[in-house]
Each structure stands twice: as C-alpha cells, then as structure tokens.
Amino acid sequence: MPSHNADIAAVFEEIADLLEIEGANPFRIRAYRNAARTIGQLATEAYVLLEKHEDLTTLPGIGRDLSDKIKEIISTNRCGLLERLRTEFPPAVAELLRIPGLGPKRVRHLYHDLDVQTVEQLYCAARDGRICALPGFGEKMELKILQAIEAHGNQVRRFKLAVAAQYAEALKAFLEGVPGVTQITIAGSYRRMRETVGDLDIVAAATSAGAVMQRFLTYDEIAETLAVGSTRASVILKCGMQVDLRVVADESYGAALHYFTGSKAHNIAIRHMAQKRGLKINEYGVYRGTTRIAGESEDSIYRAVGLSYIPPELRENRGELEMARGGLLPRLVELSDLRGDLHVHTKATDGHNTLREMALAARSHGWEYIAITDHSRRITVAHGLDPLRLARQCTEIDALNQELEGITVLKGIEVDILEDGNLDLPDHVLAKLDLVLGAVHSKFELSRARQTDRILRAMNHPHFTMLAHPTGRLIQQREPYDVDMPRIIREAGRRGCFLELNSQPDRLDMLDTYCQMAKEEGVLVSINSDAHSTFQFDNLRFGIGQARRGWLEKQHVLNARPLSELNAFINRTHKESTVAGRKTSTYRYNEKI
Ligand code: DGT
Ligand code: CA
Ligand code: CA
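Named according to an unreviewed UniProt entry, the protein is DNA polymerase beta originating from Nitrosovibrio tenuis. Regarding the protein, the relevant UniProt record gives this comment under Subcellular location (unreviewed entry): "Cytoplasm". What UniProt states about the protein under its Cofactor (unreviewed entry) heading is, verbatim, "Mg(2+)".

Structure representation (structure tokens):
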C-alpha cells in the first residue's frame, strides 16, 4: 500500500520540526511546513495523481525537490532525509516541540544541557525544578510546561474526517477484494460524517468470517493487534488510528450496520422504542420472543419499530426519531444538488491555478457557475487585491465569460473585515461585484461583545453578501473566536445576508447546530469549497456531510439554486440593504417543518 497524503504530510512536518531543532534556514523549514499543508489538504491521494501521471509541481508550494521526495515516500514508504535527521536526534525530541511554549531553541537547550529526550523526562525535570535555571526558561515557564504535559496526557486523539477518509477508503477497498465478502461499510462516526473521527468501525457481511479475519490481519498498515475473535478484531494502524472490524452473515448485516453506525444515543432511543413494542433489538436483528422479524437491511430495522429510514447523518438523537415516526424527515441536500461554488481563489492571490483553470475545473464538475473570491489587499501574505488589480481581474472575468460556454464566472471578493467592522475595500469598488464575502482574518482575541459587534457592522454594509468561515475555527489547531453565533445567524436573516459553510476539512466551522439555527431563521447557507486549487473542489463532500448533519435540504442551500434564482437572491441583497440597512429580508422561504 503506498503512503497516504496524511502520512506524507506527517513526514514533512517531522522534517520541519527536526530542521528547526537543528537551527536550519527558516525558509527551508517553511517550505516543508507549506508542503505538509498542501499535501495534507489535498482531496485526492498523491499516489493516485502519480498513477495518472499528473505533475505534482503544479501543486501549491511543491517544487521539483519536494515532488521527488513525495515520489520517494510513495514508492518506498521511506524518506532518506528524514532518516538522516532522525539519526541526529533521539526519536522523541521532535515531540517536545508539540508542548505549548517550547520552540526549537528551548528544545535545543533541554536536549543539550539536561539531556531531556522525551516528554516523560521533561515532566520529571520540570517537577524536580531543574528546568527553571536554564537560559530562557524561569519558574513560570516550568509551571506552564508541567500543566501542558498534564493536559496533553488527557487528550484523546481524534482524526479529521478527511484524514480518516484516506485510511478508511483504502482499507475498504482492500477488504472488498476478500473472497466471500458480499457487503461492507465503514460505520460509526465516519458514516455519520462527524468532523472528527475517534476510530473506524467496519461492518462486513461475508460467507466465511474466518477468511475475512485472516485477510484483514495481513493488511500491511497494521501496527498492532489489540484483540482477535472469530467474528471481530481490533487493530491499531501505523498512523495510530484504531480499527474495529465486525463480520456478520448477510441476514444480520442491516442490524450490525445500524448498531455500529450509532450514535450510541440514537441506538439507545431506538432500543427503547422497540421495547415499547415488545421487541428486542441487538446487532443481529430485531426479535419478537425468539422469532427474528428484521435484520437484513437497516430499512427493515426501522420498519420494525414503525419508523421511516433515517439517514446516518441525523442519527444523534436530536429529534430524528419523532420526525421519522411522522414521516417528516427532511430530504437532505446532496452533492449533486449543488449548482456552483461561491468561494474560489486563483493565482492572483494565494490560489494555485489560474482563473481559466478554476472555471474549466468547475465546469467539469457539471456546475453552472463559480464565484471568484480572492483576498483583499489587507491580506498581504496572500498578495491580496487592491482596487486596480481587482478591476483587472473583473475585466479578465468578462472576457472569459464571453469565451466560455457552459459556465458563468461571477465576480466576487473575500474582503477582509477590519477590526472596526469596516471592509477592506471602498464601496464604489465593492458595488461593481456580483457578490462580496466578508471574513475575519485578524484580531481573533477580541471580546465576545466586540467581535460580534464587529461582524454585525460588517454585515450592515450595503454590499455585504455573505459571511465566510463565520467562527474562524481550525479543527485541532485554532479555537473559534468568541462570537455570539445565534445572534449573528438571526441578524443575517434580518439583513438578508448569507452564511458560508466552508468545506475545507479543517474549517467546517458552520457547525451542524448552526446550520439548524440558520434553517430555523430562514437564512440560506452556501456550501463553499474555498478551493485554492482545482483539486480542492473535492472538499465539498465534507461540507455536504456537515450540512446534512445540520438537517439542511436543497432549498436551504444558496448554491443549490440555479443561476437565474441565485442572481435574484444576491442582487436583491444589494438593493434592499442599500435602501434600508436593517430591513427584514422579504425572501424568507416557507419552512416545511
Ligand atoms: P468515535 O469513534 O468516537 O468518533 O464515535 P463512534 O460513534 O464511532 O463510537 P464508537 O466507535 O465508540 O462506537 C461505534 C458505534 O457502536 C457507536 O456509534 C454506537 C455503537 N455503540 C458503541 N458502544 C455502545 C453502547 O454501549 N451501547 C449502544 N447501544 N451502542 C454502542
Ligand atoms: Ca468509531
Ligand atoms: Ca469503535
């Protein structure tokens, strides 16, 4: 099995860490960090790209040398540079960098002066008061380190959905090839499309459980076997992810799939319903007395307890049972419902592909439109657009629209929301665009009141169309900024603004519960890729998963509208808000439920 993107990213991260401890050139270190991010966020496996003879140097931040390293990692599962660096340091030293407050300089001291090589040794040294005397440490730092390690130990490792997907899909493909396997699904939180996944739960139906077990244990990504029985096994993969496999007969597949999909709370609620009907339910089927009355499909399970089929994304015991009983479940939005994408970057700022390449890629997805929304000038690291460059891009878009059939390119911007709630470009510039996405990229630390006020002021702006990545949260990297989301959602409805569900796997910060609120408030959500390269359109499936967890249907999604309707929505926003800043929007759709 060739290396997955997450593995390659981990290699580059470790190289960057070790180079940092070594005191290497910062540019070189940054190059590896950027490459790790690019590969880590790539929706398609790099080895698949190579199989298709794609040129990896077209990816952001990947030059010839890094492309060769990726090829090396994929073809040999090793990386010479990393192996060399590892011989220079004990293996656990890089882990010290993960402790908050410890940069490479401090780690160098710990290693050279105290011979601290592991987190455990660091803990002992801090506890014994040996650290505070080192240059650049002090007592405060020592205490901070102790606390950080204690907190660190209590953390349960979870994987971002997109990372889990790489391991899950490869393993599923492997098991599908086992003779006698008739059905197989990755169940658990993965199937419910949670934004992070604790472990993988695989359910398979097979004529012989033994054969599946045997084959499973030969999978070359397994690092450790925790438990093996005749129909079940638990293992840890090399990446640290646990996998639980359960093999059942065809007649029990639906029951097992239902049980292992969860959630636990949903399962318990279903079991109570069954009990009320005098039924018993377990992972083999539904029983009246000793007679099995259901179990071959999930449909049969739900039917047995008097419910319609409940999609996995809704199985959280948040009211889905009641709705299913009344036949009132929503028809959840699907990827194929999307008609376009309203947040797309190009080479003009920090994107990697040209305007034309992005437009053609969007057309090949079958969409009617995309909006080009590069950064504004304040975001200097992304080479944000000033009015002149934006005007030039608009001219380019006009020309492209003249030329291309089958796709309409809308003119937009991801304009920076300044600290005082003003926007980073003047009104007369924004007025010329089809849509304006506003986003916070700085001053994350403002108080809740000030942050909320800042965003509401921005939304008051006559040309403001949509709030992009509304809380700024980056999964496992950055907490959301403190903002009153229920209020933002309500006020977006009043102002006729839209909210973005950003599909980047580490964002997804329009939480499922926020989607539900938006639906209740009549605020349309736009499921955007925020693509920085043509590959990243594939991230939309994660956004769709989140939207489905948030009970959204096609009619609640702005970019599920055809272009003709979309135009009416975004133009109306402009006109109405220009005329009357706070007027209640007139196009609230009718709630179905
Ligand atoms: P995760 O792995 O933490 O992201 O979340 P899940 O939902 O995948 O949880 P996991 O792997 O512990 O268990 C998989 C499913 O098995 C879970 O969603 C429901 C079912 N399950 C596990 N433990 C219990 C239990 O004690 N009672 C019931 N009724 N179901 C359970
Ligand atoms: Ca799980
Ligand atoms: Ca599990």
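Draft legend 1. Examining the overall build of the protein more closely. Summing up its helical and strand segments, the protein has 24 helices and 17 strands in all. Relative to the globule expectation of 25 Å for 593 residues, the C-alpha radius of gyration of the protein, 26 Å, shows essentially globular dimensions. Judged by the C-alpha coordinates and their principal axes, the protein covers about 70 × 70 × 50 Å. When burial is assessed residue by residue, the protein has 56% of its 593 residues classed as buried. A fraction of 69% describes how many contacts in the protein between residues 6 or more apart in sequence connect residues 24 or more apart. Working note: accessible area of the protein is about 25500 Å², and carbon and sulfur atoms make up 50% of it. Charge-centre separation for the protein: the mean point of 76 positive side chains lies 4 Å from the mean point of 79 negative side chains.

Draft legend 2. Geometry of the packing of helix α20 (residues 448-460) against helix α21 (residues 485-495). Close contact between α20 and α21 brings their axes to 10 Å; oriented N to C, the two are set at 15°. Accordingly, the angle class assigned to the pair α20 and α21 is roughly parallel. Relative to α21, α20 is oriented so that their crossing is right-handed. Facing Thr 452, Ile 455, Leu 456, Met 459 and Asn 460 of α20, the residues of α21 in contact are Arg 487, Ile 488, Glu 491, Ala 492 and Arg 495. In terms of residue class, the contact of α20 with α21 is built from five nonpolar, two polar and three charged.

Draft legend 3. Up close: the domain arrangement of the protein. When its domains are assigned, the protein resolves into domain 1 (5-155), domain 2 (159-248), domain 3 (262-325) and domain 4 (335-583). Summarising the inter-unit geometry, the C-alpha centres of domain 1 and domain 3 are found 46 Å apart.

Draft legend 4. How the structure looks around the coordination of the calcium ion (ligand 2). Those donors, Asp 199 (O), Asp 199 (OD) and Asp 201 (OD), are the protein atoms that reach the calcium ion (ligand 2), and they lie 2.2 to 2.6 Å from it. Coordination at the calcium ion (ligand 2) comes from six donor atoms whose angles at the metal span 70 to 164°, giving a geometry best classed as irregular. Overall, Asp 201 belongs to the buried group, its relative accessible area being 13%.

Draft legend 5. The packing of helix α1 (residues 5-22) against helix α2 (residues 26-41), seen in detail. Two elements in contact, α1 and α2, have axes whose closest approach is 8 Å; the angle formed by their N-to-C orientations is 165°. As judged from the angle between their axes, α1 and α2 are roughly antiparallel. Between α1 and α2 the crossing geometry is left-handed. Of α2, the residues touching α1 (which contributes Asn 5, Ile 8, Ala 9, Phe 12, Glu 13, Ile 15, Ala 16, Asp 17, Leu 19 and Glu 20) are Arg 28, Ile 29, Tyr 32, Arg 33, Ala 35, Ala 36, Ile 39 and Gly 40. Of the residues in the contact of α1 with α2, the class split is eleven nonpolar, two polar and five charged.

Draft legend 6. Region of the structure containing the site of ligand 1. Close to ligand 1 lie 16 residues, the nearest being Arg 158, Ser 189, Arg 192, Gly 198 and Asp 199. The contact in question runs from an oxygen atom of ligand 1 to an N or O atom on the side chain of Asp 201, over 3.0 Å. Residue Asn 267 places a side-chain N or O atom 3.3 Å away from a nitrogen atom belonging to ligand 1. Here ligand 1 loses 73% of its free accessible area of 600 Å² to cover by the protein chains. Counting only elements with at least two residues in the shell around ligand 1, the list comes to α11 (188-191), α13 (253-261) and α14 (264-276). Along the lines of polarity and charge, the residues of the shell around ligand 1 split into three nonpolar, seven polar and six charged. Residues from two domains meet in the shell around ligand 1; each of domain 2 (159-248) and domain 3 (262-325) gives at least three.

Draft legend 7. Expanded view of the UniProt feature "domain: Polymerase/histidinol phosphatase N-terminal" (unreviewed entry) in the protein. The sites that UniProt annotates as "domain: Polymerase/histidinol phosphatase N-terminal" (unreviewed entry) are residues 340-419. Along residues 340-419, the helical share is 34% and the strand share 22%, with 31 Å between the first and last C-alpha atoms.

Draft legend 8. Fine view of helix α23 (residues 540-549). Taking burial as the measure, the ten residues of α23 include nine buried ones, the bulk of the element. The complete set of buried residues in α23 reads Leu 540, Phe 542, Gly 543, Ile 544, Gly 545, Gln 546, Ala 547, Arg 548 and Arg 549. In this structure, the buried residues of α23 make contact with α10 (161-176), β11 (340-344), β16 (498-502), α22 (512-521) and β17 (525-528). Positive backbone phi, approximately 65°, marks Trp 551, located one or two places after α23.

Draft legend 9. Highlighting the side chain of Glu 142. Take Glu 142: it is sitting in helix α9 (residues 138-153). At 2.9 Å, the side chain of Glu 142 and the backbone nitrogen of Cys 132 are in polar contact. With sequence-adjacent residues up to four places away left out, Glu 142 is seen in contact with Ala 125, Ala 126, Gly 129, Arg 130, Ile 131 and Cys 132.

Draft legend 10. How the structure looks around the packing of aromatic side chains. In the structure shown here, the tally under the stated rule is seven aromatic pairs. Each ring, one from Tyr 259 and one from Phe 260, has its centre 4.9 Å from the other, and the planes form 80°; the classification is edge-to-face. Accessibility expressed as a relative area gives 21% for Phe 260, which makes it partly exposed. Judged by centre distance (5.7 Å) and plane angle (10°), the ring pair of Phe 444 and Tyr 481 falls under stacked.

Draft legend 11. Layout of the coordination of the calcium ion (ligand 3). The calcium ion (ligand 3) binds to the protein through Asp 199 (OD), Asp 199 (OD), Asp 201 (OD) and Asp 244 (OD), with metal-donor distances spanning 2.2 to 2.7 Å. When the donor residues of the calcium ion (ligand 3) are listed from N- to C-terminus, their spacing reads D-x1-D-x42-D. In this structure, the calcium ion (ligand 3) lies 3.8 Å from the calcium ion (ligand 2), and both are coordinated by Asp 199. Placement of Asp 201 in strand β4 (residues 200-206) and of Asp 244 in strand β7 (residues 242-248) is noted, with a sequence separation of 43 residues between them.

Draft legend 12. Geometry of the environment of Arg 548. Of note, Arg 548 is situated in helix α23. By relative accessible area, Arg 548 is classed as buried at 16%. Placed 80 residues apart in sequence, Arg 548 and Ala 468 show a C-alpha to C-alpha distance of 19 Å. From its side chain, Arg 548 meets the backbone oxygen of Val 333 in a polar contact 3.0 Å long.

Draft legend 13. Summary view of unusual backbone geometry. Here Gly 262 and Ser 263 are connected by a cis peptide whose omega angle stands at -5°. Counting through the fold element by element, Ser 263 comes out in the loop between α13 and α14. Residues other than glycine seldom take positive phi values, yet Trp 551 does so here, at roughly 65°. Counting through the fold element by element, Trp 551 comes out in the loop between α23 and α24 (563-579).

What counts, and where the lines are drawn
Residues numbered from 1 in each chain as written. Chains lettered and ligands numbered in written order. Predicted model: local features only at pLDDT ≥ 70, side-chain atom pairs only at ≥ 80, totals over all residues. Heavy atoms only, no water. UniProt positions renumbered as here; feature names shortened; annotations may be inferred. Helix = DSSP H or I, 4+ residues; strand = E, 2+ residues; numbered from the N terminus. Rg over C-alpha atoms; globule rule 2.2 N^0.38 Å. Buried < 20%, exposed > 50% of the residue type's maximum accessible area, 1.4 Å probe, protein only. Contact = heavy atoms within 4.5 Å. Areas by Shrake-Rupley, 256 points an atom, 1.4 Å probe, with all protein chains shown as cover. Lys, Arg positive; Asp, Glu negative; His and termini not counted. Charge placed at Lys NZ, Arg CZ, Asp CG, Glu CD. Axes fitted to C-alpha atoms, helices over the stretch in contact; angles between N-to-C directions. Parallel < 35°, antiparallel > 145°, perpendicular 65-115°, else oblique. Left-handed = near helix turned anticlockwise from the far one by under 90°. Nonpolar A, V, L, I, M, F, W, Y, C, P; charged D, E, K, R; others polar. Domains from an automatic or database assignment. Donors = N, O, S within 2.8 Å, 3.2 Å for Na, K, Ca; no water. Tetrahedral: all angles 85-135°; square planar, octahedral: opposite > 155°, others 65-115°. Near = heavy atom within 4 Å. Polar contact = N/O pair within 3.5 Å; in protein donor to acceptor, adjacent residues only side chain to side chain. Phe/Tyr/Trp six-rings, centres within 6.5 Å; stacked < 30°, edge-to-face > 60°.

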